[in-house]
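# Commentary on secondary and tertiary structure
Listed here are the chains, written in short residue letters.
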Amino acid sequence: MKVKLDGVSCVAGFFNSQHAPGFRRTTAVRRAEAFEIECVDSDGGQLYINDQPYEIRRGMVLCLRPGDVCRLPLPYRAYYLRLTDEVGDLTGRMNDWDHVFPVRRAQGMAECIRRIAEAQSKSDDVLVAALVLGLVSDLDHEYGRASRIDLGAR
């Protein structure tokens, strides 16, 4: 995938709802302000993206686009990557992805997001760019594989 990295910025990290203010709510509802990739670290329950229900299964990846409304049952934990792309070269492909799809290496993808967050904390922009490109490329490949599998919750 040929990508120009001009205008791309990202934030990566780990979210644990038990450490967030307002944890007593039964769901976390939020509107995505950027493209988001989330590796949810739980199994069971139901989430909603733009009021479309999806069963939460270990090994699922969420792909949110700006403006999507996501509602997840609490408590939940997730590794996340938020991407802003002024040019659209990197995130343009993500517009074709389903909101939820399975990946074979969910733990590896979560580890990649952890490494992106670590590289950001060290201001290693070259490593961040390489890891982000690798992650998006891997997810694009996984989406191609997953799109040939019936998920049953579309």
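The written sequence of each chain sets the order in which its residues are numbered from 1. Where local features are concerned, this predicted model is filtered to residues with pLDDT of at least 70; where side-chain atom pairs are given and counted, the filter is 80 or more; whole-chain, interface and lining totals use all residues. In computing side-chain values, all of the structure's heavy atoms are included and hydrogens and water are not.

### A look at the nonpolar core
- Remark: nonpolar core denotes a set of buried residues (Ala, Val, Leu, Ile, Met, Phe, Trp, Tyr, Cys) joined through side-chain atoms within 4.5 Å. Each residue gets one of three labels from its accessible area relative to the maximum for its type: buried under 20%, exposed over 50%, partly exposed in between, using a 1.4 Å probe on protein chains only. L81, L83, W97, I116, V132 and L139 are the most contacted members of the largest nonpolar core, which has 28 residues in total.
- Think of it this way: any DSSP run of H or I at least four residues long counts as a helix, any run of E at least two long counts as a strand, and we number them from the N terminus. Taken together, the elements giving at least two residues each to this core come down to β1 (8-16), β3 (35-40), β6 (60-64), β8 (77-85), α1 (106-121) and α2 (125-146).

### Description of the sheet that holds β3
- At least two bridges found by DSSP between two strands is the condition for calling them paired. Taken together, the five strands give an open sheet; going across it, the order is β1-β8-β3-β6-β9, and neighbouring strands pair in antiparallel fashion. The open sheet terminates on both sides in strands that have one partner only, identified here as β1 and β9 (100-102). Here the average twist between neighbouring strands, direction ignored, is 20°.
- Against the sheet, α1 engages β1, β3 and β8, with an angle of about 115° to β1. Here, axes are lines fitted to C-alpha atoms. For helices the fit covers the stretch in contact, and angles between N-to-C directions go from 0 to 180 degrees. Two residues qualify as a contact provided that any one of their heavy atoms is within 4.5 Å of a heavy atom in the partner residue.

### Side note on the packing of aromatic side chains
- Here is the rule: rings of Phe, Tyr and Trp (six-membered ring for Trp) pair when centre to centre is within 6.5 Å. Planes less than 30 degrees apart are stacked, more than 60 are edge-to-face, and the remainder are tilted. Across all of its chains, the model carries three aromatic pairs by this definition.
- Relative to F101, the ring of W97 has its centre 5.8 Å away and its plane inclined at 80°; by these criteria the two rings are edge-to-face. Side by side, W97 and F101 carry an identical accessibility label, which is buried.
- With a centroid separation of 5.3 Å and 70° between ring planes, the pair formed by F101 and Y143 is classed as edge-to-face. Of this pair, F101 sits in strand β9 while Y143 sits in helix α2; the two residues are 42 residues apart in sequence, bridging distant segments of the chain. Y143 carries the same exposure label as F101, and that label is buried.

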